[in-house]
Protein chains: 4
Amino acid sequence: MKIPVAILGATGYTGAELIRLIDGHPRFRIAHLAAHSQAGKRAGSVLPGCGGHIADIMLAAADAPLPDDVELVFTALPHAAAAASVAACIRQGRKVVDLSADFRHQTAAVYQQAYGIEHPHPELFEQAVYGLCEHARERVAGASLVANPGCYPTSTLLPLIPLLKAGVLADAAIIVDSKSGTSGAGRSAKTDLLYCEINESVKAYGLPRHRHAWEMEEWAEGFSGKQVRVRFVPHILPMNRGMLTTLHLSGQDTGNWHALLAAAYQHEPFVRLLPVGELPSTAGVSGSNRCDIGISLLSDNEAVIVSCIDNLLKGAAGQAVQNANLMFGLDEAMGLPLHACWP
Amino acid sequence: MKIPVAILGATGYTGAELIRLIDGHPRFRIAHLAAHSQAGKRAGSVLPGCGGHIADIMLAAADAPLPDDVELVFTALPHAAAAASVAACIRQGRKVVDLSADFRHQTAAVYQQAYGIEHPHPELFEQAVYGLCEHARERVAGASLVANPGCYPTSTLLPLIPLLKAGVLADAAIIVDSKSGTSGAGRSAKTDLLYCEINESVKAYGLPRHRHAWEMEEWAEGFSGKQVRVRFVPHILPMNRGMLTTLHLSGQDTGNWHALLAAAYQHEPFVRLLPVGELPSTAGVSGSNRCDIGISLLSDNEAVIVSCIDNLLKGAAGQAVQNANLMFGLDEAMGLPLHACWP
Amino acid sequence: MKIPVAILGATGYTGAELIRLIDGHPRFRIAHLAAHSQAGKRAGSVLPGCGGHIADIMLAAADAPLPDDVELVFTALPHAAAAASVAACIRQGRKVVDLSADFRHQTAAVYQQAYGIEHPHPELFEQAVYGLCEHARERVAGASLVANPGCYPTSTLLPLIPLLKAGVLADAAIIVDSKSGTSGAGRSAKTDLLYCEINESVKAYGLPRHRHAWEMEEWAEGFSGKQVRVRFVPHILPMNRGMLTTLHLSGQDTGNWHALLAAAYQHEPFVRLLPVGELPSTAGVSGSNRCDIGISLLSDNEAVIVSCIDNLLKGAAGQAVQNANLMFGLDEAMGLPLHACWP
Amino acid sequence: MKIPVAILGATGYTGAELIRLIDGHPRFRIAHLAAHSQAGKRAGSVLPGCGGHIADIMLAAADAPLPDDVELVFTALPHAAAAASVAACIRQGRKVVDLSADFRHQTAAVYQQAYGIEHPHPELFEQAVYGLCEHARERVAGASLVANPGCYPTSTLLPLIPLLKAGVLADAAIIVDSKSGTSGAGRSAKTDLLYCEINESVKAYGLPRHRHAWEMEEWAEGFSGKQVRVRFVPHILPMNRGMLTTLHLSGQDTGNWHALLAAAYQHEPFVRLLPVGELPSTAGVSGSNRCDIGISLLSDNEAVIVSCIDNLLKGAAGQAVQNANLMFGLDEAMGLPLHACWP
């Protein structure tokens, strides 16, 4: 028997990826698809990649009641909008993986700093678990509400945490220079996301402080116990998927860092550490739930670490399913693509 | 127990896609990977998208003996080179899906016309089955050697065959105007395939007569009994995957053509017919094994039909696995992606 | 002394290209830039490519009065909106090159068929000249109002007209299969023009009958005296600029067609005929005002002709400046790029 | 009378851009085009974007004698190969702008460190001038041999030099994180430059120390007198042109940095400083000889500076022509595009 699942916000890029993963999952099945502005349409008319009977599902309104038997809800909604839906689902006794930013912070104060609004449901903070799977496995397994990490924080925290824990990084701010495919910017009709504006161009954005900087700092400390300051500069690139984060790091004994990362991740199905000096590309992870990590040593106390994820998979829908697997006691890797869809 | 499979020519784009599909297939497993020029290297060092233990497989030489227990071989080799490998595998009693052009024709004479060389193994023609699955299911099920159709012929024949069978097309040559992503051109280091030569450009090629024109004509007649002449113009586009074929058709009673296509394909898992007037995009099939078909009626006797496939899936590795499923009596759709990897 | 020029609709993609050309033109200078929705902003804040003092020009409202000394106006406005501006400028005694579709047709009836609205200023039809420069030179030179041809018609008519005039084409409908970069779709914030919707995809659109089909038929006859029917299928491609049109042609003595084209265009600065069998790419004309034409002979009575233009240059702003040069008695090629901006 | 110019290495991407600029230049004309591997072919057969009579020029062999009247030679050759050609041209009394790396360093020792080979013509170091135009104007004006700066150093040095001169940067290593279009990697047929390998992907390369790091450090000190250490990480992006460099900087009084940059560049035609907080994109400079610079202040002592150039223009052929203009006493901006070719 498959577990019935609802996806709220099904017609964005992350929603589409959730549909693809859940429909191919051995133990979950799609029971409900909701989409604010597209309610009443066939899923296939809004999502060109949807095939089979999924394409024929009628999209429900955002606030339509869920079928009673839905046990698991993925909320792929804009921040603030998500919190209300999450609260309702939790009240109804369902498990929730929230892909918005609404429950990624531990206090309403930081949330308000980062997102500029008062948090509508701070009472849920206590039960929300930040679902960076490789470092939160046990807590996620027991959670009803998992806050799925942001894409930039995922690509940053995975390489950072083992080094922070080992205490080998210098105290200075950590330089995080990230490059993201455009699907991360969402599916809204904005002039600056038009094909001809993005194609054949690259730009930095979100300065002086992108929202994800707070998330990186909070959870770098949360997982390592070390206070951290990041200087984070994201860039948008002319490609659909993929995120590459370049960490410019200072510290000590860089010759030992590869071993620290290897110790942390050698048995992880979705983290691949390349040999010293080899650097990953986003093509290697696009369509996969993997995070590929490479390190280049500049000197005894300087190194560059590059990590790559598919922003829609390990950076969103993939990690969400990985969390859901943990929440339901399933094999953590179930239904998740290991190989990239390359080229 | 999974069936052990070998892939010869594992490091091209089609080979990479075969690896991804076979490693995720419930009943097949990768037992042997061979690659002419990369023998002795780790698969992962040549194929950036490969994860898990597959990345650690050592690539065998093209002529290395296969493990005894290999029951199924995919040959993703250049034409002419493929025939020798196919012949050896058949002699050893293994089943073969050949993704080259070597066994797509029924006579050595046509092969020689199309490919300019004498066929090295015409004795195998008799047992080779042309594996356009939707129209060759029974023959494929009993075959030891399946010739996997070319990408252009697949995208052309699927919409054409039901109309040809119904006798509604005019006698004139059929205009086939195809647009292909660049992965169809292979992974050889050629100047005209460099990023900067392909990007931001489109061109026609292969004129006056592309090799696939013979294949289209031979099998249009083979499946419909009607002799057909095509005027085929392929174009190469700045995208990795995807193939769109525009058929400019004349005939009679075009108002009935959608029904003819619906009757042929309504129960097919991998052919999706859109409502009259809706036209597909390659984004809708990229990463999926589907062929999407749309029709627009210009008049009672003129229509445009557009079909879309992923050239690496329904146009190559996907259809190859579909054929393998049939050859081993498995569910034809097993291990094959239905939804596109979108966007 | 440079001639003062106004550009109405300066902030679309065609407007931007006009600015680039006019600011680099030896005999024209920009005196006025207007833009409906961006009035009051600096040009540089809306047009990232604008440099120098042009970036500091304040954008005027669409209906702001023009400086008295403006002699030439380019209207790069949506159809219907353009006609009113054109009428005002003509009343004020200025010369106009209209890049909209409003004056491309010779009767209000055809316009209404193609555009679905009643024409607001049919009284101007009489003085409007259809500015396909290579075939309308003398008329353009004496005109006050030039209707700049559409991009698809330009790429189609240039290769067709010499063949039509020679009477070598069969009577059947002419198959026109065009592929266009996305800048041709304009700069409006629409979901289906978002980067992630266009990138890595191709689709046909505008069926069963795109507006430019009327324009093609009207001017094929207008320039050749032969009545023509086209079956026109446009496609949108993942690239910014460039348009390739594939003509699938039937007729007689195809071996002579190259000579007919050569005779028509051998002295034209902006039409380049490739040797028989060589086919152009859009990369070869992107950033240039050229139209490149190639022909492949399939048989004595069948041929494929491929023509390439930059949709923003020979397909819009470039041809507009070419027309303006003619209207002011200047060297027709003045200020127009001959070489592509390649790669 | 135009000055006759030779281009050695005319068929690479930089060579093509030089042809375009020189053929459109009011005071230079192309007298000789040479290309190692393509000698004997028509320029147009190798360079699709070439139009007019330039396309009909026969490519000379690399070592063919130059016409006697050639006064200026652009060498767009691989490093080491360039030095020999440069030496010959200098002996013959011609002026040379060398676009290779051969004369960018002041000592043979640094050259050998960076390029791994002994310098073949160190005797020319004395007369070579490093042509970062905005900071070397007088020296270039009197030079016979100008070493055209590398693309990465150009995009890095322009924003850095005014800050270094002012002494406001901290002593720590400067983090230089650059993103380059693929044309910078040249036109050689290499597998890792194939369309399908680059498209939809980003990767870092050239670590732990890219050759341009030496050039940056040498000339940061050369122009400012301050010793500097850079930590430079270049990335290759899926776009033809464009280079964006992100400088992660520490120092003091960041609130004053914009004024320092403004003072340095306010009268420069090819450097555009954006208002504080606005950041440039490569689309804004693609096809232009401009360098656009933006700054975001993170705190009193931390800032991010982003600079954008077209790697083929200000990063190569454009700056080369700017240098040539200076060497011949012409208007420095002559024949150079100010506006981007956008979109």
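This is a predicted model, so every value here is computed, not measured.

What counts, and where the lines are drawn
- Residues numbered from 1 in each chain as written.
- Chains lettered and ligands numbered in written order.
- Predicted model: local features only at pLDDT ≥ 70, side-chain atom pairs only at ≥ 80, totals over all residues.
- Heavy atoms only, no water.
- Buried < 20%, exposed > 50% of the residue type's maximum accessible area, 1.4 Å probe, protein only.
- Helix = DSSP H or I, 4+ residues; strand = E, 2+ residues; numbered from the N terminus.
- UniProt positions renumbered as here; feature names shortened; annotations may be inferred.
- Axes fitted to C-alpha atoms, helices over the stretch in contact; angles between N-to-C directions.
- Parallel < 35°, antiparallel > 145°, perpendicular 65-115°, else oblique.
- Left-handed = near helix turned anticlockwise from the far one by under 90°.
- Contact = heavy atoms within 4.5 Å.
- Nonpolar A, V, L, I, M, F, W, Y, C, P; charged D, E, K, R; others polar.
- Pairing = 2+ DSSP bridges.
- Least-squares fit on C-alpha atoms with pLDDT ≥ 70 in both.
- Salt bridge = Lys/Arg side-chain N within 4 Å of Asp/Glu carboxyl O.
- Buried area = accessible area lost by both parts, 1.4 Å probe.
- Phe/Tyr/Trp six-rings, centres within 6.5 Å; stacked < 30°, edge-to-face > 60°.
- Lys NZ or Arg CZ within 6 Å of the ring centre and 35° of its normal.

A. Just helix H3 (residues 81–91) of chain C, in detail. Listed in full, the buried residues belonging to H3 of chain C are Ala82, Ala83, Ser85, Val86, Ala87, Cys89 and Ile90 of chain C. Downstream of H3 of chain C by one or two residues, Gly93 of chain C has phi in the positive range, about 80°.

B. Summary view of the UniProt feature "domain: Semialdehyde dehydrogenase NAD-binding" (unreviewed entry) in chain A. Per the UniProt annotation, the sites labelled "domain: Semialdehyde dehydrogenase NAD-binding" (unreviewed entry) are residues 4–143 of chain A. Secondary structure over residues 4–143 of chain A splits into 31% helix and 16% strand, and the C-alpha atoms at its two ends are 18 Å apart.

C. Representation of the packing of helix H1 (residues 13–23) of chain B against helix H10 (residues 313–327) of chain B in the model. All names here are of chain B. In contact at an axis separation of 9 Å, H1 and H10 are set at 40° when each is read in the N-to-C sense. By the angle between their directions, the pair H1 and H10 is classed as oblique. The handedness of the crossing between H1 and H10 comes out as right-handed. Note on element contacts: H10 touches H1 through Leu313, Ala316, Ala317, Gly318, Ala320 and Val321, opposite Thr14, Glu17, Leu18, Arg20, Leu21 and Ile22. The class makeup of the residues in the contact of H1 with H10 is eight nonpolar, two polar and two charged.

D. Structural context of the sheet that holds strand S5 (residues 128–130) of chain D. All names here are of chain D. The sheet built from six strands is open, its strands ordered S2-S1-S3-S4-S6-S5 with parallel pairing. Every other strand in the sheet has two partners, leaving strand S2 (28–34) and S5 as the edge strands with one partner each. Going across the sheet, the axis of each strand differs from the next one's by a mean of 25°, ignoring polarity. Where S5 meets strand S6 (residues 145–147), three bridges bridge the pair, whose relative direction is parallel. Bridge pairing in S6 places Tyr130 opposite Ala147. Along the sheet face, helix H1 (residues 13–23) touches strand S1 (3–8), S2 and strand S3 (72–75) and points at about 150° away from the line of S2.

E. Focus on the relation of the copies chain B and chain D. When chain B is fitted to chain D, the residual RMSD is 0.0 Å, and the transformation amounts to a turn of 180° plus an axial shift of 0.0 Å. Both copies are brought into coincidence by an operation consistent with a two-fold rotation axis. Nearest to the rotation axis, the C-alpha of Tyr195 of chain B is located 1.8 Å from it, this being the minimum over chain B. Residue by residue, 100% of the interface of chain B is reproduced at the interface of chain D, so both copies engage with the same surface.

F. A look at the pattern of salt bridges. In total, this model carries 68 salt bridges over all chains according to the counting rule given. Glu197 of chain C is the partner of Arg187 of chain A in a salt bridge, and the nearest nitrogen-oxygen pair spans 2.8 Å. Residue Arg187 of chain A is found in the loop between strand S7 (174–180) and helix H7 (195–198), and its partner Glu197 of chain C is found in helix H7 (residues 195–198); the two belong to separate chains. Residue Arg187 of chain A shares its accessibility class with Glu197 of chain C, and that shared class is buried. The salt bridge partner of Glu302 of chain D is Arg229 of chain A, with a shortest N-O separation of 3.0 Å. One end of the pair, Glu302 of chain D, is in strand S13 (residues 302–309); the other, Arg229 of chain A, is in the loop between helix H8 (211–224) and strand S9 (230–236), on a second chain. Taken together, the shared-partner salt bridges in this structure form one network comprising Glu17, Arg20, Arg241 and Asp310 of chain A.

G. Fine view of the interface of chain D and chain A. Contact residues are listed per partner, giving 41 residues for chain D and 41 residues for chain A. Buried surface at the junction of chain D and chain A, summed over both partners, amounts to about 3200 Å²; 60% is from carbon and sulfur atoms. Sorting the residues of chain D by area buried against chain A places Glu200, Val202 and Arg231 of chain D first, and these three jointly supply 19% of that buried surface. Counting across the interface, chain D meets chain A through six salt bridges.

H. Geometry of the packing of aromatic side chains. Within this structure, the stated rule accounts for 34 aromatic pairs over all chains. Between Phe28 of chain D and Phe328 of chain D, the aromatic rings sit 5.8 Å apart at their centres with planes inclined by 80°, giving edge-to-face as the arrangement. Here Phe328 of chain D lies in the segment after helix H10 (313–327) and Phe28 of chain D lies in strand S2, a separation of 300 residues in the sequence. Linked through ring pairs, Tyr130, Trp219 and Phe223 of chain A together constitute an aromatic cluster. Lys95 of chain D extends its terminal NZ or CZ atom over the ring of Phe328 of chain D, reaching a point 5.0 Å from the ring centre. Note that Arg209 of chain D overlies the ring of Trp214 of chain D, its terminal NZ or CZ placed 4.3 Å from the centroid.

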